[in-house]
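Letter by letter, the chains look like this.
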Amino acid sequence: MTLTTTRLRLARDRGFALDAPALEVQPGEVLGLLGRNGSGKSTLLRVLSGYLAPDSGRVSWNGRPLAAHSRAEWAKLVAIVPQEAGTTPPLTVFEYVRLGRVPFRGLLQSFTRSDIDSVRSAIERCGLEQLIAVPLPQLSGGQRQRARIARALAQGSRLLILDEPTNHLDLSAIRDIALLIKELASDGTAFVASLHNLDIASYVATHIAFLENGTVREVGTTGETLTRESIMRHLDVAVDATERSDGGLSFSLRYPDAAPSADALAWAGGHGEGVPFAPFGDAPASWVLEYRGAGGAASRLEAGR
Ligand SMILES: Nc1ncnc2c1ncn2[C@@H]1O[C@H](COP(=O)(O)OP(=O)(O)OP(=O)(O)O)[C@@H](O)[C@H]1O
């Protein structure tokens, strides 16, 4: 499944307007949307999934404009995995995942053998076999998120739209969801996901789009786009970065009253981004780091030990 768009624009209430350049997501690619609260990530996801019509611009799936797909085709091609909502339906994992087959049968028609096979295989894919008969409200947040993804897989969709997929999850559940997304992408599923977690973005996303006040300011491959400078520029927050063994970056928030970690300093120094400052002998008494803030102005951050 390939998602393509022309430039998209949509004006909403209270002066908010979405403005995104032409985008393309190929099978196996994961486009991560990053931006501050209210920057328009969910709005863009709704436009890409066909729930909101743009004022101008066109969304196409597999080269056909969205409007040319029937509702049934639409439901089969694209699955939306929403944020954890307040209420959880009192269905078992099996019953819930089976809802993914409704576009193929309709609510009142009975499910076929092949529907049930799709449901079971999606449940296995998401590691929920042991929980197949457990009601959703009794699952943990991470297990429920996996059930939502399983439902999307049972639907057979090759484009998954995820709204903050690791919201409210503990660290091990975040890791499991990240691994699942990566595994599904390696099998050719395309993803667009709004993300707040920079580590997850670096790990799962092949491409990143930064939104600010509704406008996509920068889009590109993760390696080129997800940098300390762009994070400072678009999210208005200073982070330290260290390189992972797979070549991606791990980010940690820089608190104004805490010195950056030795690892982050070493990495930044090695990349010419920061200057460890050691006035007395080997042990640095303070550090001076430079970064470029919004508008390109150079700022200096000094931190004592
Ligand atoms: N149904 C709606 N009608 C009109 N405006 C809306 C609607 N939903 C959201 N908005 C507005 O659109 C803007 C962008 O909101 P959106 O939810 O897309 O941002 P977001 O980046 O996903 O935020 P968050 O990170 O907090 O989830 C906000 O100003 C919001 O008030």
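Residues numbered from 1 in each chain as written. Predicted model: local features only at pLDDT ≥ 70, side-chain atom pairs only at ≥ 80, totals over all residues. Heavy atoms only, no water.

(A) Just the nonpolar core, in detail. Within the largest apolar cluster, 51 residues are counted, with the highest numbers of intra-cluster contacts made by Ile149 and Leu226. Looking at which element gives the most residues to this core, the answer is helix H7 (residues 171-186), with 8 residues. Not counting the four nearest positions on each side in its chain, Leu226 is found in contact with Leu34, Leu198, Ala201, Ser202, Ile208, Phe210, Thr221, Ile231, Leu249 and Phe251. Judged by nonpolar contacts, the second largest core, of 27 residues, contains Leu3, Leu31, Leu45 and Ile161. (Core = buried A, V, L, I, M, F, W, Y, C linked by side-chain atoms within 4.5 Å. Buried < 20%, exposed > 50% of the residue type's maximum accessible area, 1.4 Å probe, protein only. Helix = DSSP H or I, 4+ residues; strand = E, 2+ residues; numbered from the N terminus. Contact = heavy atoms within 4.5 Å.)

(B) How the structure looks around the pairing of strand S14 (residues 249-253). In the sheet, strand S13 (residues 239-243) pairs with S14 via 5 bridges, with the strands oriented antiparallel. When the sheet's bridge partners are listed, Thr242 is paired in S14 with Ser250. Connecting the antiparallel pair S13 and S14 is a turn made up of 5 residues, with Gly247 showing a positive phi of about 95 degrees. (Pairing = 2+ DSSP bridges.)

(C) Fine view of the packing of aromatic side chains. Following the criterion strictly, the structure yields 1 aromatic pair and no others. Between Tyr51 and Trp74 the ring centres are 5.4 Å apart and the planes differ by 50 degrees, which places this aromatic pair in the tilted class. Taken together, the residues span a long stretch of sequence, with Tyr51 in the loop between helix H1 (41-48) and strand S6 (59-61) and Trp74 in helix H2 (residues 71-77) at a distance of 23 residues. Residue placement shows Lys182 over the ring face of Tyr203; its charged tip is 4.0 Å from the ring centre. (Phe/Tyr/Trp six-rings, centres within 6.5 Å; stacked < 30°, edge-to-face > 60°. Lys NZ or Arg CZ within 6 Å of the ring centre and 35° of its normal.)

(D) Up close: the pattern of salt bridges. The final tally for this structure, using the stated rule, is 10 salt bridges. Of the charged contacts in the structure, one is a salt bridge between Glu218 and Arg233, with a shortest N-O distance of 3.2 Å. One end of the pair, Glu218, is in strand S12 (residues 215-221); the other, Arg233, is in helix H10 (residues 228-235), with 15 residues separating them in the sequence. When its relative accessible area of 21% is taken as the criterion, Glu218 is described as partly exposed. Across the pair Asp240 and Arg254 runs a salt bridge whose closest N-O atoms are separated by 2.5 Å. Of this pair, Asp240 sits in strand S13 while Arg254 sits in the loop between S14 and helix H11 (262-270), and the two are 14 residues apart along the sequence. In this pair, the class of Asp240 matches that of Arg254, namely buried. What you see here is one network of salt bridges that share partners, running through Arg125, Glu183 and Asp187. (Salt bridge = Lys/Arg side-chain N within 4 Å of Asp/Glu carboxyl O.)

(E) Looking closely at the sheet that holds strand S1 (residues 3-5). Taken in spatial order, the 4 strands line up as S4-S1-S6-S7 in an open sheet, and their pairing is antiparallel. Each edge of the open sheet is held by one strand with a lone partner, namely strand S4 (24-25) and strand S7 (64-65). One ladder, built from 2 bridges, connects S1 with S4; its direction is antiparallel. Looking across to S4, one finds that Leu3 is bridged to Val25.

(F) Structural context of the environment of Ile200. Tracing the sequence through the fold places Ile200 in helix H8 (residues 198-204). Between the C-alpha atom of Ile200 and that of Ile177, which follows or precedes it by 23 residues, the distance is 9.4 Å. In this structure, Ile200 is in contact with Thr166, Ile174, Ala178, Leu195 and Ala205, ignoring residues within four places of it in sequence.

(G) Representation of H10 within the structure. H10 sits mainly inside the fold: 6 of its 8 residues count as buried. Those residues of H10 lying buried are Arg228, Ser230, Ile231, Met232, His234 and Leu235. Of the residues one or two after H10, Asp236 is the one with positive phi, at around 60 degrees.

(H) Structural view of the layout of surface pockets. Quantified by volume, the largest pocket comes out at close to 630 Å³. Along the wall of the largest pocket there are 25 residues; nearest its centre are Tyr51, Ala79, Ile80, Arg151 and Gln155. Broken down by secondary-structure element, the contributors of at least two residues to the lining of the largest pocket are H1, H2, strand S8 (78-81), helix H4 (102-105), helix H6 (141-154) and strand S9 (159-163). Here the lining of the largest pocket takes 4 residues from S8, the largest share from any one element. Residue composition of the lining of the largest pocket, by class: 15 nonpolar, 5 polar and 5 charged. (1 Å grid on protein atoms, 1.4 Å probe; cavity = no way out; pocket = protein on both sides within 12 Å on 5 of 7 lines; lining within 4 Å. Points joined across faces, edges and corners; volume = space filled by probe spheres on them. Nonpolar A, V, L, I, M, F, W, Y, C, P; charged D, E, K, R; others polar.)

(I) Summary view of the packing of H6 against H7. Between H6 and H7, the shortest axis-to-axis distance is 9 Å and the interhelical angle comes to 15 degrees. Of the possible angle classes, the one that applies to H6 and H7 is roughly parallel. When the axes of H6 and H7 are compared, the crossing they make is right-handed. Here Gly142, Gln145, Arg146, Ile149 and Leu153 of H6 lie close against H7, whose contacting residues are Ala173, Asp176, Ile177, Leu180 and Leu184. The residue inventory of the contact of H6 with H7, partitioned by class, reads 6 nonpolar, 2 polar and 2 charged. (Axes fitted to C-alpha atoms, helices over the stretch in contact; angles between N-to-C directions. Parallel < 35°, antiparallel > 145°, perpendicular 65-115°, else oblique. Left-handed = near helix turned anticlockwise from the far one by under 90°.)

(J) Quick peek at unusual backbone geometry. Positive phi outside glycine occurs at Arg14, with the angle close to 50 degrees. Following the sequence through the fold, Arg14 ends up in the loop between strand S2 (8-11) and strand S3 (17-20). With phi around 45 degrees, Asn213 is a residue other than glycine that occupies positive phi space. Using a relative accessible area of 65% as the deciding quantity, one classes Asn213 as exposed.

So yeah, pure geometry; function would need other evidence.
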